[in-house]
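Summary of the model geometry
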Number of protein chains: 2
Amino acid sequence: MAAKRGDGPKKQSKQTNAAPQPAQEQAGEPPLSRERIVATAVEMLDAEGTAGVSMRRLADRLGAGAMSLYWHVDNKEQVLDLALDQVLEYRAPQQAGEPRDWRGDVAHLLEDWRAGMLRHPWSASLLPRRALGPGILGRLELLGGILSRAGVADADLNAAIWSLWNYVMGATITRASFDLTDADMAAAQQRLSTLGERHPTLERTRLLLDNDWDGTFRKGLDVLLDGLAARK
Amino acid sequence: MAAKRGDGPKKQSKQTNAAPQPAQEQAGEPPLSRERIVATAVEMLDAEGTAGVSMRRLADRLGAGAMSLYWHVDNKEQVLDLALDQVLEYRAPQQAGEPRDWRGDVAHLLEDWRAGMLRHPWSASLLPRRALGPGILGRLELLGGILSRAGVADADLNAAIWSLWNYVMGATITRASFDLTDADMAAAQQRLSTLGERHPTLERTRLLLDNDWDGTFRKGLDVLLDGLAARK
DNA sequence: ATGATACTAGTACAGTGTACGAGTCGGCGC
DNA sequence: GCGCCGACTCGTACACTGTACTAGTATCAT
């Protein structure tokens, strides 16, 4: 089996000589690295979605040969895993310090989570089947910490964390997938009407045309938080 | 542009002559049809997951040429759409009639939904970005009907439906994606420990080793239903 | 016989992920 | 100097993908 590289790419140069290498590349690309690959992958995903990213196109964008990526990365799956986890990471918002109410904290954390994913809609469709990276784990830890400090008993903590996670993920995935197909939803609502009387309720409430996603998300979240507060 | 076929495959023969066609196929395959294609696709998805299904392999399994499928189906996406919607359809459980409490009805409907998807784990990863077929719409209608009859005001109905949907979908997708990677979760929990003190809460509650998925699902659902009942 | 309709399927093309192996480069021990 | 080694790059090749195009057949109505 080939050498490949075991684990740590982190630092690649030990000589601090900052002189730009004067090779035949005239002021060209910075050297390939896992970070640069992932960052470029995120850019491409944002711009063209999952279908637009192939190893060859990604390498082109990096000014490298397709196979060169495989030195820094195991395979395409890993690129996507890393891209997803990077996007899901929690970037500390403002200084902590001031201890707000726990409900506000949880709501803020979760709404930020949702907003972050919606800013990169491909992340929602990538979520299933992808492993837990440090970004996700960091967020879960934050959530658990807030709940725990708010007085949720350890015995109930896991259920609380998962319930909130489930709700946020479901809402986000739903929103992201329907966002791209607004026309489809209108068409579906139309079809409901022509389909006769088989869906009276959906037709009456115009479920598929109600696009107050943010408000709906808030309402459901409030219901969940109410319930958690009640049995705390 | 080619003729293709506009819409309705439904019935292909009008002569009721039931004599098996005595062509060169000796008692071989039944004729190709959209239904048969979708049914076989579901079988293959169950057996080998999303990655195992290609148009060529699907056609092989049907005893047909790859391109023959395209007469009955627009493209591969549509095959997956149809497979998903078929799996998500609600098959009426027992006779209605006896009007149980609405909470029990909702819980039953949603748990059946979740169970059905988990029986076909690929459905969870297919959900994002797929359109609303009649199967899904049927279930949403049922859910809306129960809630409406239970007294939820029309103004709150959409939010209630979506909240429950979100929760169920999030829980199912999470469950399905982590199910296949139990080893990964153990590894992740392990990593938490070695990662030092950065995830004290998750480590303490052993979040990633708690695999009482069904119980957790029930608890969160109860919280939601409590909340809905309260503001009814 | 003629033609239309419904359907099947071979060939071909552009694109995919990635295994393999050859090649380049800089630094180290001699 | 020389040899060597490890880090890194990348061209070629292979098996495979979805599907456009086209030619073909089998059945029917006229």
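Structure shown above.
Residue indices follow the written sequence of each chain, beginning from 1 at its first position. Labels follow written order: the first chain is A, the first ligand is 1, and so on. Where local features are concerned, this predicted model is filtered to residues with pLDDT of at least 70; where side-chain atom pairs are given and counted, the filter is 80 or more; whole-chain, interface and lining totals use all residues. Think of the side-chain values as coming from all heavy atoms in the structure, minus any hydrogens and water.

**Some words on the protein's contact with DNA strand C**
Any residue with a non-hydrogen atom lying within 4 Å of a molecule or strand is treated as near it. Around DNA strand C, the structure places 17 residues, and the nearest of them are Arg56 and Lys76 of chain A together with Met67, Ser68 and His72 of chain B. Sugar and phosphate atoms represent 47% of those atoms of DNA strand C found within 4 Å of the protein. Between DNA strand C and Arg56 of chain A, the relevant distance is 2.6 Å, taken from a base nitrogen to a side-chain nitrogen or oxygen of the residue. With 3 residues, helix α2 (residues 55–61) of chain A is the single largest residue contributor to the surface near DNA strand C. Considered class by class, the residues forming the surface near DNA strand C number 7 nonpolar, 6 polar and 4 charged. Definition of a polar contact: a pair of N or O atoms within 3.5 Å, with one able to donate and the other able to accept a hydrogen when the atoms are protein atoms, and with sequence-neighbouring residues admitted only if both atoms are side-chain atoms. Helix and strand definitions follow DSSP, with helices as H or I runs of at least four residues and strands as E runs of at least two, each counted in order from the N terminus. When residues are grouped by polarity, Ala, Val, Leu, Ile, Met, Phe, Trp, Tyr, Cys and Pro land in nonpolar, Asp, Glu, Lys and Arg in charged, and all others, Gly among them, in polar.

**Examining the packing of aromatic side chains**
Stacked, tilted and edge-to-face pairs are distinguished by plane angle, under 30 degrees for stacked and over 60 for edge-to-face with tilted covering the rest, among Phe, Tyr and Trp rings (Trp via its six-membered ring) whose centres lie within 6.5 Å. Under the criterion given, the structure shown has 12 aromatic pairs over all chains. For the pair Phe178 of chain B and Trp213 of chain B, a centre-to-centre distance of 6.2 Å together with 55° between the ring planes defines the contact as tilted. With a gap of 35 residues between them, Phe178 of chain B in helix α8 (residues 154–179) and Trp213 of chain B in helix α11 (residues 213–230) connect regions that are remote in the sequence. Grouping residues by exposure puts Phe178 of chain B and Trp213 of chain B together as buried. Taken together, the ring pairs in this structure connect Trp113, Trp162 and Trp165 of chain A together with Phe178 and Trp213 of chain B into an aromatic cluster. Accessible area is worked out with a 1.4 Å probe on protein chains only. A residue is then buried under 20% of its type maximum, exposed over 50%, and partly exposed in between.

**Some points on the protein's contact with DNA strand D**
Residues in close proximity to DNA strand D total 19 residues, the closest being Met67, Ser68 and His72 of chain A together with Arg56 and Lys76 of chain B. Within 4 Å of the protein, the contacting atoms of DNA strand D are drawn from sugar and phosphate to the extent of 50%. The contact in question runs from a phosphate oxygen of DNA strand D to an N or O atom on the side chain of Tyr70 of chain B, over 2.8 Å. At the level of elements, α3 (69–72) of chain A together with α2 (55–61) of chain B are the ones that each hand at least two residues to the surface near DNA strand D. Considering each element in turn, the surface near DNA strand D owes the most residues, 3 residues, to α2 of chain B. The residue inventory of the surface near DNA strand D, partitioned by class, reads 8 nonpolar, 7 polar and 4 charged.

**Here we look at the interface of chain A and chain B**
Contact residues are listed per partner, giving 57 residues for chain A and 58 residues for chain B. Buried area counts how much accessible surface, traced with a 1.4 Å probe, disappears from two parts once they are put together, with both parts' losses summed. Both sides together, the interface formed by chain A and chain B hides about 5,200 Å², and carbon and sulfur atoms give 64% of it. Interface area lost by chain A to chain B is led by Arg129, Glu141 and Trp162 of chain A, which between them contribute 14%. Just to be clear on terms, a salt bridge is a Lys or Arg side-chain nitrogen sitting within 4 Å of an Asp or Glu carboxyl oxygen. For the pair chain A and chain B, the number of links is 2 salt bridges. Two residues, Asp154 of chain A and Arg204 of chain B, come together in a salt bridge whose shortest N-O distance is 2.6 Å. Where chain A meets chain B, there are 14 residue pairs in polar contact (both at pLDDT 80 or more). Contributing elements (two or more residues each) for the side of chain A that touches chain B: α6 (122–126), α7 (134–149), α8 (154–179), α9 (182–194), α10 (200–205) and α11 (213–230) of chain A. Only heavy atoms matter for contacts: two residues are in contact if any of them lie within 4.5 Å across the pair.

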